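Descriptive structure summary
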Amino acid sequence: FRRGGWIYLLVAEGGTQGGHMETVARALSPWGPYVPCPRNPILTNRHIQRETWQGIGHADRVVDPHGKEWLVLHGYRYAKEFFHPLGREVLLAPLTWSENGWPTIEPDGTIRDEVTPTGLPEHSWPVEKSGLFSPEGGLGMQWVSLRGRKKDHYRTDRKPDTLSLNGAGLSLETSPQPTAVFHRQQHFEFVAEVLIDFPSTGPEGSAGLAVFYDQEHHYDFRITRAGSGLCLELYRRIGDLAAVTHRCPLDTGPWRLRVRGNRHFYSFSRAAQDGWEDLS
C-alpha cells in the first residue's frame, strides 16, 4: 500500500504455526529496492508461547471512517498442548506510525486477549440460527462441505428442520466428495445434538455426527446398517490408526445422539430412557 511517498509491503513469514510473524519493508517504487523495517517483526507472539493467541499474521491494513488505522489478521487459540480445534480466527490490532515513518502495533507488537477500539460505532449482528434447515432456502451459508455438494444428495424439503442425505461417507476410499455438511466449531465448550431416523432395512450404510478435522483425523458417531442389523458405533481415526472403539446393537429408531466438547475432550452419548448414556 502507499502512504505518503513510500510503498509499504506487508509480509507474513515464519510458517503458519508458532513462528508466524508479520514484517514490513518499504521502497520509493513498487519495483524496489525494498528496505526492511529495523524493528521487524512488527507483530508476533512467537516469543510468548503461553499467550492465548498464536500463529498470528497475514495482515492487511484498513482505515476506519474516523481515519484510525488497524491491521486485520488471523490467529488461533490453543485449547491444550498446542491443539487449536477452532482454526484460524479474525483479529484486529491498532496501527500507529513512528516519527521515521514505520508502522507500529500498539502497545508492544503483540496480540493480547482484548483490544479496546475507540470511535467505532456499535453494530448489532443478527443471531444465527445454526443447526436448522429451511425447506424454502435449503442449506444456509453457515453449512460447509468438502469440495462442493452434489445437489441430489441433499434435501431439506421433506420436513421442517430436517436434512435428508444420500451418498458416500467421509473417507477418501469411499468417495472424493463425501456427503456431509459441517458447522465450524466456534467455541471450545459446545453441545451438538441430532435426531436420526435411519431405515432398518436396505443396503449397508451409516449416518450420524462427526467431529471432523480432516479426512485422516475425525471421530464418527454413527448408526450403521450391516448384515447383522442396526448398531451404534464410535469410530476414531487418527492418521494411520483407525478403530471402532464402541459398538452396540440398536432397536428401531429414531435415535438422538450428542457430542459435547470442552478444552480437553470430546464426549459422545445417546439418549436413553433415564437420561443420556455416555459411550466415550
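Residues numbered from 1 in each chain as written. Predicted model: local features only at pLDDT ≥ 70, side-chain atom pairs only at ≥ 80, totals over all residues. Heavy atoms only, no water.

1. Here we look at the environment of Gly75
Basically, it comes down to this: Strands are runs of DSSP state E lasting at least two residues, helices are runs of H or I lasting at least four, and both sets are numbered from the N terminus onward. Here, residues are in contact when the closest pair of their heavy atoms is within 4.5 Å.
Position of Gly75 among the secondary structure elements: in strand β7 (residues 69–77). The spacing of Gly75 and Phe221 is 146 residues in sequence and 30 Å in space, taken between C-alpha atoms. With residues near it in sequence (within four places) discarded, Gly75 still touches Trp53, Gln54, Gly55, Ile56, Gly87, Arg88, Glu89 and Leu91.

2. Some details on the pattern of salt bridges
The line we're drawing: We define a salt bridge as a contact between a side-chain nitrogen of Lys or Arg and a carboxyl oxygen of Asp or Glu at a distance within 4 Å.
One pass over the structure, following the stated rule, counts nine salt bridges. What you see here is one network of salt bridges that share partners, running through Asp220, Arg222, Glu233 and Arg247.

3. Observations regarding the side chain of His218
For clarity, the cut-off: We define a polar contact as two N or O atoms separated by no more than 3.5 Å, with the added condition that, inside protein, one atom must be a possible hydrogen donor and the other a possible acceptor, whereas residues neighbouring each other in sequence contribute only through side-chain atom pairs.
The topology assignment puts His218 in strand β16 (residues 217–226). Here the side chain of His218 touches Asp220 through a polar contact of 2.8 Å, side chain to side chain. Sequence-distant contacts of His218, defined by excluding residues within four places in its chain, comprise Leu170, Val211, Phe212, Tyr213, Tyr235, Arg236 and Arg237.

4. Some words on the packing of aromatic side chains
Put simply, the test is: Pairs were defined over the aromatic rings of Phe, Tyr and Trp, the Trp ring being its six-membered one, requiring ring centres within 6.5 Å. Orientation was assigned from the angle between planes: stacked under 30 degrees, edge-to-face over 60, tilted for the rest. Three labels apply to residues, based on accessible area from a 1.4 Å probe with only protein chains included: buried if under 20% of the type maximum, exposed if over 50%, partly exposed otherwise in between. Should the NZ of a Lys or the CZ of an Arg lie within 6 Å of a ring centre and within 35 degrees of the ring normal, that charge is described as sitting over the ring.
Within the structure shown, the criterion is met by ten aromatic pairs. With a centroid separation of 6.3 Å and an interplanar angle of 75°, the aromatic rings of Phe1 and Trp97 are classed as edge-to-face. Note that Phe1 is positioned in the segment before β1 (2–3) and Trp97 in strand β8 (residues 89–97), a separation of 96 residues in sequence. Judged by relative accessible area, Trp97 falls into the buried class, the value being 17%. Relative to Phe268, the ring of Tyr219 lies with its centre 5.9 Å away and its plane at 75°, an arrangement referred to as edge-to-face. With Tyr219 in strand β16 and Phe268 in strand β20 (residues 266–272), the pair connects residues that are 49 residues apart, well separated along the chain. On the basis of relative accessibility, which here comes to 0%, the residue Phe268 falls in the buried class. Each member of the aromatic cluster is reached from another via a ring pair, and the members are Phe190, Tyr219, Phe221, Tyr266 and Phe268. Here Arg26 stacks its cationic end above the ring of Trp102, 4.1 Å away from the centre of that ring. Sitting over the face of the ring of Trp70, Lys68 holds its NZ or CZ atom 5.3 Å from the ring centroid.

5. What about the pairing of strand β17 (residues 229–238)?
Going by this rule: Strand pairing requires that DSSP identify at least two bridges connecting the strands.
A large share of β17 lies buried, amounting to seven of its ten residues. Sheet topology note: the β16/β17 ladder contains ten bridges and is antiparallel. Residue pairing in the sheet places Tyr219 in a bridge with Arg236 of β17. Summarising the sheet, β17 and strand β18 (residues 241–249) pair through eight bridges and their orientation is antiparallel. Looking across to β18, one finds that Cys231 is bridged to Pro249.

6. Quick look at a nonpolar patch on the surface
Filter applied, for reference: Residues enter a patch when their relative accessible area is above 30% and they make no salt bridge; the linking distance is 9 Å between like charges and 5 Å between nonpolar side chains (Val, Leu, Ile, Met, Phe, Trp, Tyr). For every accessible area listed, the method is Shrake-Rupley and the probe measures 1.4 Å; residues are considered covered only by the protein chains on display.
Together, Val62, Leu92 and Leu120 give the surface a local cluster of nonpolar side chains, amounting to about 200 Å² of exposed area. As for its position among the elements, Leu92 is in strand β8. Residue class for Leu92 comes out partly exposed when judged on its relative accessible area of 36%.

7. Regarding unusual backbone geometry
Each neighbour pair has its own omega, and for Gly32 with Pro33 the value is 5°, a cis peptide bond. Inspection of the secondary structure puts Pro33 in the loop between β3 (21–27) and β4 (35–36). Although it is not a glycine, Arg147 adopts a positive phi angle of roughly 55°. Looking at the secondary structure, you find Arg147 in the loop between β10 (143–144) and β11 (154–155).

8. Side note on the sheet that holds strand β6 (residues 53–63)
Test applied: Only the contacting stretch of a helix is used when fitting its axis, a line to C-alpha atoms as for every element, and angles between N-to-C directions run 0 to 180 degrees.
Strand order in the open sheet formed by four strands is β6-β7-β8-β9, and the pairing between neighbours is antiparallel. Two strands close off the open sheet at either side, each with one partner strand: β6 and β9 (103–105). With strand direction ignored, the average angle separating the axes of adjacent strands in the sheet is 35°. Here β8 runs beside β9; their pairing, made up of three bridges, is antiparallel. The residue of β9 that forms the bridge with Thr96 is Thr104.

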